[in-house]
Amino acid sequence: MIGDVATDGSTGSENTRPPSTRRARRVRMTGKERREQLLDIGRTLFADKGYEGTSVEEIAARAGVSKPVVYEHFGGKEGLYAVVVDREMRQLLDMVTSALTAGHPRELLEQAAFALLDYIETYTDGFRILVRDSPVAQSTGTFASLISDIATQVEDILGLEFKARGFDPKLAPLYAQALVGMVALTGQWWMNARKPKKAEVAAHLVNLAWHGLENLESKPRLIGHRKN
């Protein structure tokens, strides 16, 4: 009788333990949930440490999984990084594109500036990733290519404005790149400074851009010793 009790003791104590003290079973994630978890962890690490400073081992450890799970979902660190960058690029481009709704050119400039600053404020980790030089193949894109995509969105707007003012609309792409690049580089600085306030930064950006465009020369001249 004593032997029977000794043999079954561990099972009996487990079955008689109050439900509140039993060890909770780990809920198994679905494939989609695990993928999103890895993307979130990767995004945080890439923003904090950069691509080179982040390892598959650390990603897996933070997710509580083995390295093969990361490889199963993304093929490795490069694949995970590519998806993170692609998502951030689409997020920023969508925000800028959807912001361009006003009819007046100056208000459009304000909306574009606010869209980028809104993204930096809301998705700071994502912006930190985008402004780093991408070490992955060009399929992931780079911050420069993203700026080019955004500039393309405003080329048509500038082209119409140039034509209405008697300027060559073929120069619109050049000015679009210059304007968007100015806002983007200022955004990089503001990401860390966070001063002055966002609305004030947008106002100063538009002040420089708008008054520069307002007094634009149709045929600008060089005044220095270099003429070509």
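Residues numbered from 1 in each chain as written. Predicted model: local features only at pLDDT ≥ 70, side-chain atom pairs only at ≥ 80, totals over all residues. Heavy atoms only, no water.

**Regarding helix 9 (residues 172-193)**
And then number 1: In this model, helix 9 (22 residues) spans 31 Å end to end at C-alpha, consistent with the 32 Å of a helix rising 1.5 Å per residue.
And then number 2: Residues of helix 9 that are buried include every one of Ala 172, Ala 176, Leu 179, Val 180, Gly 181, Val 183, Ala 184, Gly 187, Trp 190 and Met 191, and no others.
And then number 3: Downstream of helix 9 by one or two residues, Arg 194 has phi in the positive range, about 55°. (Helix = DSSP H or I, 4+ residues; strand = E, 2+ residues; numbered from the N terminus. Expected span 1.5 Å × (residues − 1). Buried < 20%, exposed > 50% of the residue type's maximum accessible area, 1.4 Å probe, protein only.)

**Focus: the nonpolar core**
And then number 1: Membership of the largest hydrophobic core comes to 60 residues, with the highest contact counts inside it found for Leu 92, Leu 130 and Leu 146.
And then number 2: Excluding residues that lie within four positions of it along the chain, Leu 130 makes contacts with Val 85, Glu 88, Met 89, Leu 92, Tyr 119, Phe 143 and Leu 146. (Core = buried A, V, L, I, M, F, W, Y, C linked by side-chain atoms within 4.5 Å. Contact = heavy atoms within 4.5 Å.)

**Focus: the confidence of the model for the protein chain**
And then number 1: Mean pLDDT over the protein chain stands at 83; residues scoring 70 or higher make up 84%.
And then number 2: The secondary structure element of the protein chain with the lowest average pLDDT is helix 1 (residues 2-16), at 47, and the one with the highest is helix 3 (residues 56-63), at 97.
And then number 3: Below pLDDT 50 for its whole length, residues 1-14 participates in 1 contact with residues either more than four positions away or in separate chains.
And then number 4: Across residues 20-24, confidence stays below pLDDT 50; counting only partners more than four residues off in sequence or on other chains, it has 3 contacts. (pLDDT = per-residue confidence, 0-100.)

**A look at the packing of helix 2 (residues 31-49) against helix 7 (residues 124-131)**
And then number 1: Packing of helix 2 against helix 7 leaves a shortest axis separation of 8 Å and a crossing angle of 60°. Judged by the inter-axis angle, helix 2 sits oblique to helix 7. Both helix 2 and helix 7 take part in a crossing whose hand is left-handed. Of the residues in helix 7, those in contact with Arg 43, Thr 44, Phe 46 and Ala 47 of helix 2 are Asp 125, Gly 126, Arg 128 and Ile 129.
And then number 2: Looking at the contact of helix 2 with helix 7 residue by residue, the class counts come to 3 nonpolar, 2 polar and 3 charged. (Axes fitted to C-alpha atoms, helices over the stretch in contact; angles between N-to-C directions. Parallel < 35°, antiparallel > 145°, perpendicular 65-115°, else oblique. Left-handed = near helix turned anticlockwise from the far one by under 90°. Nonpolar A, V, L, I, M, F, W, Y, C, P; charged D, E, K, R; others polar.)

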